[in-house]
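Structural characterization, general
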Amino acid sequence: DILQKKIYEEAGCEFNINSPKQLGKVLFEDLKLGTPKKTKTGYSTDVGVLEDLASEHQLPELILEYRSLSKLKSTYIDALIDLIKEGKGRVHTSFNQAVAATGRLSSSDPNLQNIPIRTEVGRKIRKAFVAEPDMLLLSADYSQIELRVLAHLSKDEVLIDAFKNNEDIHTITASQIFGIKLKDISKEQRAAGKTVNFATIYGQGAFGLSKQLSIDVAEAKRYIDAYFKRYPKVDIYRDMVLSKARETGFVETLFERKRFVPDLNSKNIMVKQAAERAAFNTVFQGTAADIIKKAMIKLHMELPDKCADAKMLLQVHDELLFEVSNKHVDILKPYVKDVMENVVQLDIPLIVDIGVGASWVDVY
DNA sequence: GGCATCACG
DNA sequence: ACGTACGTGATGCCC
Ligand SMILES: [Mg+2]
Ligand SMILES: [Mg+2]
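Analysis parameters
Residues numbered from 1 in each chain as written. Chains lettered and ligands numbered in written order. Predicted model: local features only at pLDDT ≥ 70, side-chain atom pairs only at ≥ 80, totals over all residues. Heavy atoms only, no water. Helix = DSSP H or I, 4+ residues; strand = E, 2+ residues; numbered from the N terminus. Expected span 1.5 Å × (residues − 1). Bend = angle between axes of the 7 residues up to and from the residue. Buried < 20%, exposed > 50% of the residue type's maximum accessible area, 1.4 Å probe, protein only. Contact = heavy atoms within 4.5 Å. Near = heavy atom within 4 Å. Polar contact = N/O pair within 3.5 Å; in protein donor to acceptor, adjacent residues only side chain to side chain. Nonpolar A, V, L, I, M, F, W, Y, C, P; charged D, E, K, R; others polar. Donors = N, O, S within 2.8 Å, 3.2 Å for Na, K, Ca; no water. Phe/Tyr/Trp six-rings, centres within 6.5 Å; stacked < 30°, edge-to-face > 60°. Lys NZ or Arg CZ within 6 Å of the ring centre and 35° of its normal. Salt bridge = Lys/Arg side-chain N within 4 Å of Asp/Glu carboxyl O.

With respect to helix α4 (residues 59-81)
With 23 residues, α4 should cover 33 Å at 1.5 Å per step; its first-to-last C-alpha distance of 32 Å lies within 8% of that length. Bending of α4 peaks at approximately 35 degrees at the position of lysine 73. The complete set of buried residues in α4 reads Leu59, Pro60, Leu62, Ile63, Tyr66, Leu72, Tyr76 and Leu80. Here the buried face of α4 lies against α1 (2-11), α2 (20-30), α3 (47-53) and α5 (120-126).

Focus on the protein's contact with DNA strand B
Taken together, 23 residues are adjacent to DNA strand B, and Thr45, Arg67, Ile117, Arg118 and Asp318 come closest. Of all DNA strand B atoms lying within 4 Å of any protein atom, the proportion belonging to sugar or phosphate reaches 76%. Residue asparagine 114 places a side-chain N or O atom 3.0 Å away from a base nitrogen belonging to DNA strand B. In the environment of DNA strand B, a phosphate oxygen lies 2.8 Å from a nitrogen or oxygen atom belonging to the backbone of arginine 118. Looking at the surface near DNA strand B residue by residue, the classes come out as 7 nonpolar, 9 polar and 7 charged.

Topic: the coordination of the magnesium ion (ligand 1)
Protein-derived coordination of the magnesium ion (ligand 1) comes from Asp141 (OD), Tyr142 (O) and Asp318 (OD), at a distance range of 2.1 to 2.4 Å. A spacing of 3.6 Å is found between the magnesium ion (ligand 1) and the magnesium ion (ligand 2), which share aspartate 141 as a donor. Placement of the pair is aspartate 141 in strand β3 (residues 135-142) and aspartate 318 in the loop between β6 (311-315) and β7 (319-325), with a sequence separation of 177 residues.

Things to note about the coordination of the magnesium ion (ligand 2)
In the first shell of the magnesium ion (ligand 2), the protein supplies Asp141 (OD) and Asp318 (OD), at 2.3 to 2.6 Å from the metal. For aspartate 318, a relative accessible area of 24% gives the class partly exposed.

Some remarks on the packing of aromatic side chains
Under the defined criterion, the tally for this structure stands at 10 aromatic pairs. Through a chain of ring-to-ring contacts, the aromatic side chains of Tyr227, Phe228 and Tyr231 assemble into a single cluster. A cation over a ring is seen here: arginine 126 above tryptophan 360, with NZ or CZ 4.0 Å from the ring centre. The positively charged end of lysine 258 is found above the aromatic ring belonging to phenylalanine 250, 4.7 Å away from the centroid.

Description of the protein's contact with DNA strand C
What surrounds DNA strand C is a group of 33 residues, the closest being Ser19, Ser106, Tyr202, Gln204 and Gln212. Within 4 Å of the protein, the contacting atoms of DNA strand C are 68% sugar and phosphate, with bases supplying the remainder. For the surface near DNA strand C, the secondary-structure elements that each account for two or more residues are α2, α4, β2 (106-108), α10 (206-213) and α13 (269-306). Per-element tally for the surface near DNA strand C: the top contributor is α13, with 5 residues. When grouped by side-chain class, the residues that make up the surface near DNA strand C number 8 nonpolar, 19 polar and 6 charged.

Focus on unusual backbone geometry
Following aspartate 109, the chain continues into proline 110 via a peptide bond in cis, with omega recorded as -5 degrees. Unusually for a residue other than glycine, glutamate 256 sits at a positive phi of about 70 degrees. By secondary structure assignment, the location of glutamate 256 is in the loop between β4 (250-252) and β5 (258-260). For histidine 317, which is not a glycine, the phi torsion comes out positive at approximately 70 degrees. Along the chain, histidine 317 turns up in the loop between β6 and β7.

A short note on the pattern of salt bridges
All chains considered together, the criterion is met by 18 salt bridges. With a shortest N-O distance of 3.4 Å, aspartate 347 and lysine 155 are connected by a salt bridge. Placement of aspartate 347 in the loop between α14 (329-342) and β8 (352-357) and of lysine 155 in the loop between α6 (145-154) and α7 (157-164) is noted, with a sequence separation of 192 residues between them. By relative accessible area, which is 47% here, lysine 155 ends up partly exposed. Linking glutamate 219 and arginine 222 is a salt bridge whose minimum nitrogen-to-oxygen distance equals 2.4 Å. Taken together, the residues span about one helical turn, with glutamate 219 and arginine 222 both in helix α11 (residues 217-230) at a distance of 3 residues. Looking at glutamate 219, the relative accessible area reads 23%, which means it is partly exposed. Three or more residues joined by partner-sharing salt bridges are found here, namely Arg90, Glu132 and Glu323.

Here it is as structure tokens:
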């Protein structure tokens, strides 16, 4: 309410802050800020646009804070409270096995795969997910599984070496693209290395990377060129996957899950390039999904024997969350780690980080 | 019910 | 000149 009042003061009028249409009018017509951008229906007011406008006026930052709080309240606080089972203190989701095109699971009604964690306020919401009395939550999370799968599939020696030596891949990439020694990489450079690693697996271009890192396009292009120069097999592997897929009409994961991508032969360049990004990404997003599914099946079969009072609660793409008695947590921990790390054998090790705690923020 | 936005991996 | 990062689901607005 306080934020709302401040927003009306800064705007010089009252309006529905949740309406992008009304907000766009206030920002771009009344206040005449920035250079209005695009959407099908009007001005864009998304987080990237508002961040750019923040240098010109107080209002955008207030809107961003309002948006963030409003999202957390409506999507999580208000909605989840109504779904808590009477007297049980538990919420139940549906996991959908045939929705995501890559082979991932999805979760709905409610979605428990997108519970907040990235902000301070968000973590307060996640903290409400707790174990029963005398029980603990145990989270087991694959470390950089998609990049490891990419290393395996592409057979790139530098990537494989890095993972075999259990080095920090984001620091390695930073060192490669900046041409600086590992030990001299700063926090900021490591963060840029991380962004560039993600840029590759999503097929991001210089334009997108430059926006994300707030650098100019030429600089971003240098990073991307340096990446493919240092990890040459990744580039070759991408070409190989896509040329095969153009002929067969599909891409497949290491375990032969197929995704048909007809737009790979589109004559519309934009459509074709979007299909290429989706197709390439599917190979390792899908392989990672196959791996965690194999681990879940094995755990499901063996858990009654190995640790009868442990429950597998959630899967969040590269994480499994369990509830287990205080008494048996030390049995569960090495067992889950071993199953997840060794359910498949690749040319690089898979690493699983395990954490234990009373709530879903205390497990990290 | 489409669109814009934003929560997660 | 244009558009530009993969995969999801829920919410509020607006028609
Ligand atoms: Mg992880
Ligand atoms: Mg994770």
